[in-house]
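# Architecture at a glance
Residue strings, one per chain:
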Amino acid sequence: MTGRGHETLEHTADMGLRGWGGSPAEAFEETALAMFELMVDRIGAAAETDHRLSIGGRDLTGLLIEFLNELLSLADIEDMAFVSVSIERLEGGGEDWELDAVIGGIPRGKCRKRLLSEVKAATWYGASVERDSDGRWVAGCVVDM
Amino acid sequence: MKVEVEKIGEFLWEIPRSGRMLVPGRIYADDESMRFLLKESRTKQWDALAQVRNVACLPGIVGASMAMADIHPGYGFPIGGVGAFDTGEGVVSIAGVGFDINCGVRSMVIDVTKERIELNSERVAEELFNSVPAGIGSTGTLRLSVREIDRVLVEGASFVLERGYGVEEDLEYIEEGGTVAGADPSVVSPRAKERQLKQVGTLGSGNHYLEVQYVEEIFDEEAASAFGLLPGGIVVSIHTGSRALGHQIGTDYQSVLRKASVKYGIPVAESELMAAPINSPEGKQYIAAVRAGINCAFANRQAISGLVRDAFKRLFRLDDGQIRTLYEVGHNNLKLETHDTDEGRRNLLVHRKGATRAFAAGRDEVPVRYRRVGQPVLVGGTMGTSSFILVGTELGMAETFGSAVHGAGRMKSRKKALKEYRGEDVIRDLAGSGIIVRTRSRKGAAEEAPGAYKDVERVVAIMEGAGISRRVARLRPMICIKG
């Protein structure tokens, strides 16, 4: 694994996500990008709108699951395809982590041909956020397709 | 940890009780299917057999943690998983229902000949494709206020029936008559409702479909006659669920049940198996929310069936009497049922995750018209292969709490399917075999390629061989509409 990145993991019915980076924030961003890429063809897509998101009061893995599920809900309610993510703040400890993020999107109506699949939810199955032996933060879970 | 299995019947395998398992695991499979499952268990990160074992550790589980012949890995419960829980000591688990609450299949018998469909196939495909909203972000023809959504969550199919979708007789052929009692909209978040305002009457995407099929073969004359199935007859099947509302209920209750698992000291072998005691405030609240999701799915399929009905009336100048709901059955469900067990008659909360109810003849839940033969079980195939209509049996009542398979079951991951198939090729090949596919997503067509699924013939043969359900009819696809 390079400094930061993401991948999807084979799962018969659904899909595993994994994102990694030098900090929890980078690992979260990369995991979110792995999820976006199931939903939309991001190649060459430029965000047209920004959406702010703040969540908190969870352990670190719980924060990841809530973050991914917030992105799914927001995309649905705003009818957006999300293509970029920037976590401006991710801090806390124990059972009380929080984050602020800015999500870049394109209205679905403007990018119908880019839409790929629907993700129903981020689950706790295979969910973790931890440091590997190289000191990188690795995050991931299975999403329901 | 490696899972050990023992063969205890020609088509039945057991994971013997060990460690924290409260009951054994039972899997319906033939030798080849079990070899595949064991190989996956040894080599893959996600393991369906381990999931069967983990469910067997949940408090209050009765009989066995079971998986039907379409078993494949899910999240927490396996797909094809059935778990029945004592209503006193048992728990309710999100993983046993999933995020597409009451996803299921409605089949309708249409009084039009196969030849007329064949002669007009492009026109039928186009009309259905244009009539039924499908695909990511699609919106329904019903525009509802939050107050009306609350009514959908309580009234289910009857709410949309009142709005002119379908006919009164439809309700008799839906599980629970299209309205499950005990739904409470006040425990469903405003966000879940907001997401559903425009989604009632939408098919969705992924493995959801609308299919025009013909009856290729009848196996059980008596049951087929009761179900109104004739050789060459036309059936339309709709596969969809509770859409975004169901997804959001599952999402919202993950944190509630996660906390409840800790609060009540429920031993959870794997995180997504989070659960709450059925009688705890958290458990009751989740069940009331799931029932709201169940009603939402009933309403969704009723709305789509109304659109399909109107499309066929327009296409072939049919009247309502020539279009009849055969049955509708859910396969991601939570149901309070009465079953005869070794300890006498008991009320059980039955989780079916990718498994359908399959009640035998004589049960009150089966519509009067079918009661002497048993409940129809609607088993979806793939775009290119057959679907089946089965019927429940007495042995099924005794062994599986009246449950059977829900589909062919995936064999290859979506990722693998995308590597092996191209959507354009899948659609062209199917056209070559006389099956018209209309889809908004080529990627979806590749992911759902027939080769990504198990052989549905084998899956239903295993269940019949085990005596759990009997084949009534095989349906061949003619037109397939996907999101």
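Cut-offs used in this document
Residues numbered from 1 in each chain as written. Chains lettered and ligands numbered in written order. Predicted model: local features only at pLDDT ≥ 70, side-chain atom pairs only at ≥ 80, totals over all residues. Heavy atoms only, no water. 1 Å grid on protein atoms, 1.4 Å probe; cavity = no way out; pocket = protein on both sides within 12 Å on 5 of 7 lines; lining within 4 Å. Points joined across faces, edges and corners; volume = space filled by probe spheres on them. Nonpolar A, V, L, I, M, F, W, Y, C, P; charged D, E, K, R; others polar. Helix = DSSP H or I, 4+ residues; strand = E, 2+ residues; numbered from the N terminus. Buried < 20%, exposed > 50% of the residue type's maximum accessible area, 1.4 Å probe, protein only. Contact = heavy atoms within 4.5 Å. Polar contact = N/O pair within 3.5 Å; in protein donor to acceptor, adjacent residues only side chain to side chain. Buried area = accessible area lost by both parts, 1.4 Å probe. Salt bridge = Lys/Arg side-chain N within 4 Å of Asp/Glu carboxyl O.

Here we come to empty space enclosed by the protein. Residue and element names in this part refer to chain B. Summed over the entire model, instances satisfying the criterion amount to six cavities of 30 Å³ or more. In this structure, the largest cavity spans a volume of roughly 490 Å³. Along the wall of the largest cavity there are 34 residues; nearest its centre are Asn207, His239, His331, His406 and Tyr453. Each residue belonging to the lining of the largest cavity can be placed in one class, and the counts come to 11 nonpolar, 13 polar and 10 charged. Looking at the second largest cavity, its volume works out to about 160 Å³.

The computed volume of the largest pocket comes to approximately 520 Å³. If you go around the largest pocket, you meet 25 residues; those closest to its centre are Arg58(A), Trp124(A), Gln254(B), Ser255(B) and Arg258(B). Within the residue set of the lining of the largest pocket, elements represented by two or more residues are β3 (49-58) and α2 (60-78) of chain A together with α9 (243-263) of chain B. Ranked by residues supplied to the lining of the largest pocket, first place goes to α9(B) with nine residues. Of the residues in the lining of the largest pocket, the class split is six nonpolar, 10 polar and nine charged.

Moving on, we come to helix α2 (residues 48-55) of chain B. Residue and element names in this part refer to chain B. Judged by how many residues are buried, α2 sits mostly within the fold: eight of eight residues are covered. Close packing links the buried residues of α2 with β2 (12-15), β3 (25-28), α1 (31-43) and β4 (61-72). With a side-chain oxygen lying 3.0 Å from the backbone nitrogen of Leu49, the N-terminal cap of α2 falls on Asp47.

Contacts between the two partners involve 44 residues from chain B and, on the opposite side, 36 residues from chain A. Summed over both sides, the interface of chain B with chain A buries roughly 3500 Å², with 51% coming from carbon and sulfur. The tally of links from chain B across to chain A stands at six salt bridges. Between Arg243(B) and Glu118(A) there is a salt bridge; the shortest N-O distance is 3.5 Å. Linking chain B with chain A are 20 residue pairs in polar contact (both at pLDDT 80 or more), by the criterion used here. Those elements that place two or more of their residues in the side of chain B that touches chain A are α7 (190-196), α9, α12 (414-420) and α14 (442-447) of chain B. In terms of residue count, α9(B) provides more of the side of chain B that touches chain A than any other element does, eight residues in total. By residue class, the composition of the side of chain B that touches chain A is nine nonpolar, 17 polar and 18 charged.

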